[in-house]
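# Descriptive analysis of the structure
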Amino acid sequence: MDVDLTNPIFHDEAAARTWLEHARWGSDAACAHCGSLNVVRLEGEAHRAGLLSCRDCRQQFSVTVRSVMERSHIPLAKWVLAFHLMAASKKGVSAHQLHRMLKITYKSAWFMAHRIREAMAEPSAPPIGGAGKIVEADETYWGKQEIPQPRSRGRVPKPVKKGNSGPADKRPIVALVERGGPIRVIHMPRVTGKNVREALVRHADRESRLHTDESRLYPAVGTEFAAHETVKHSAGEYARGDVHTNSVEGFFGILKRGMKGTYQHCGEQHLQRYLDEFAFRYSNRSKLGIEDTERAVIAMRGAEGKRLTYRRIGDA
Ligand SMILES: [Zn+2]
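Computed from a predicted structure; not experimentally measured.

## Some thoughts on the overall build of the chain
Across its full length, the chain carries nine helices and ten strands. Put simply, the chain shows about 15800 Å² of open surface, and 50% of that area lies on carbon and sulfur atoms.

What follows is the structure, encoded as structure tokens:
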């Protein structure tokens, strides 16, 4: 983790606010309500620090409005530090670590971490891959299933049972990686051909070459892609020419080490948020030329328009 804790943006509210404003807006502040650039800063003792006013819609705003930081009582300098820590750490940062480092309550740290994960999520990101590109897909399992899955429509959900494939009572995770590019990671209640197809056609461009192992989840959807090439892990085959699933398996390795070391008690209802966090760091990894500070800026920008409501995870 490469975070210089002596940086004033982590201690000084004014410096933190300036950093956030620059990260969010660059040199021209935009109205958080209507997007207008016709805004004026409200200076002087009559106004709260960081308040701006829009000449078009006549509303006031600050850098935290319509962001995951909105209405938080946690100082901005602590938010900036938390964004940096979570963007830089390979394995994630637990609420306990944030609680100790930021000197805030455990409860506040927990909510703050989930808000930052929300900022890192990319629910409407464009499909990965494309003509001439390779998309690797694979599934893995992590942690015990807690949410009972309905067996069929209209029937009472039975306790958690073995899915179509994979270990019983584990939470299935499907990941798609564009080789040398970004990743999409999805927690699925059950891994079925139908669910896998939905994820693949939604998140990957069908002009891509699809690379998987010999699992029977992929041949049907594979016909919808430019090509579907497989490696037979059961026969000890891990690569044939450029056909392999090493990128997606590498990601699963990072994910599992992080989950085991940092988030071992993650509840199933929150699993997707943790997956979003690991996916964010992978899609913005240093191998793709994105370093720690820039990754924090990208996360902060993603915070725009994504304020979590109390009903979704609670207040911090
Ligand atoms: Zn406005």
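## Things to note about the coordination of the zinc ion
Looking at the zinc ion, the protein donor atoms are C31 (SG), C34 (SG), C54 (SG) and C57 (SG), and they sit 2.3 Å from it. All donors of the zinc ion come from a single chain, and their spacing in sequence reads C-x2-C-x19-C-x2-C. In this pair, C31 is assigned in the loop between helix 1 (13-25) and strand 1 (39-41) and C54 in strand 2 (residues 52-54), connecting sequence segments 23 residues apart. Using a relative accessible area of 1% as the deciding quantity, one classes C54 as buried.

## Focus: the confidence of the model for the chain
Summarising the model, the chain shows a mean pLDDT of 88, and 89% of its residues fall at 70 or more. Mean pLDDT across the elements of the chain ranges from a minimum in helix 9 (residues 292-302), with 88, to a maximum in strand 7 (residues 209-213), with 97. Low pLDDT, under 50, characterises residues 158-165; the stretch is placed with 23 contacts to residues that sit more than four places away or in other chains.

## Focus on the packing of helix 1 against helix 9
Relative to each other, helix 1 and helix 9 sit at 75°, their axes nearing to 9 Å. As summarised for this structure, helix 1 and helix 9 are arranged roughly perpendicular, according to the angle between their axes. Contact residues: W19, L20, H22, A23 and R24 in helix 1; A296, V297, M300 and R301 in helix 9. Looking at the contact of helix 1 with helix 9 residue by residue, the classes come out as six nonpolar, one polar and two charged.

## Thoughts on the packing of aromatic side chains
All chains considered together, the criterion is met by seven aromatic pairs. Seen in terms of ring centroids, Y263 and Y274 are 4.5 Å apart; in terms of plane orientation they differ by 55°. Their pairing is tilted. With a gap of eleven residues between them, Y263 in the loop between helix 7 (246-262) and helix 8 (271-283) and Y274 in helix 8 connect regions that are remote in the sequence. What makes Y263 buried here is its relative accessible area of 4%. Note on Y274: relative accessible area 7%, which makes it buried. An aromatic cluster of three or more residues is present, and its members are F251, F252 and Y282. The ring of Y263 carries the charged tip of R117 above its face, separated from the ring centre by 4.9 Å. We note R281 situated over the ring of F278; from NZ or CZ to the ring centre the distance is 4.8 Å.

Cut-offs used in this document
- All residue numbers refer to position in the chain's written sequence, counted from 1.
- For this predicted model, a pLDDT threshold of at least 70 governs which residues receive local features, and a threshold of 80 or more governs which side-chain atom pairs are given and counted, while totals over whole chains, interfaces and linings are taken from all residues.
- Water and hydrogen atoms were dropped before computing side-chain values, which therefore reflect all heavy atoms in the structure.
- By the criteria applied, helices consist of DSSP H or I runs no shorter than four residues and strands consist of E runs no shorter than two, each listed in order from the N terminus.
- Areas reported as accessible are Shrake-Rupley estimates using a 1.4 Å probe. Residue values count occlusion only from the protein chains shown.
- The donor set covers N, O and S atoms within 2.8 Å of the metal, switching to 3.2 Å for Na, K and Ca, and it leaves out water, so a site may look short of donors.
- In this scheme, a residue with accessible area under 20% of its type's maximum is buried, one over 50% is exposed, and one in between is partly exposed, where area comes from a 1.4 Å probe on protein chains only.
- A score from 0 to 100, pLDDT tells how confident the predictor is in each residue.
- Note on contacts: a residue pair qualifies if any of its non-hydrogen atoms lie within 4.5 Å across the two residues.
- Axis lines are fitted to C-alpha atoms, over the contacting stretch for helices. Their N-to-C directions set the angle, which ranges from 0 to 180 degrees.
- The labels follow the angle: roughly parallel below 35 degrees, roughly antiparallel above 145, roughly perpendicular from 65 to 115, and oblique for the rest.
- Residue classes follow a fixed rule: Ala, Val, Leu, Ile, Met, Phe, Trp, Tyr, Cys and Pro count as nonpolar, while Asp, Glu, Lys and Arg count as charged, and any other residue, Gly among them, counts as polar.
- Side-chain rings of Phe, Tyr and Trp (the six-membered ring for Trp) are treated as a pair once their centres are within 6.5 Å; stacked means planes under 30 degrees apart, edge-to-face means over 60, and tilted covers the remaining angles.
- Throughout this description, the term charge over a ring refers to an Arg CZ or Lys NZ atom that lies within 6 Å of the ring centre and within 35 degrees of the ring normal.

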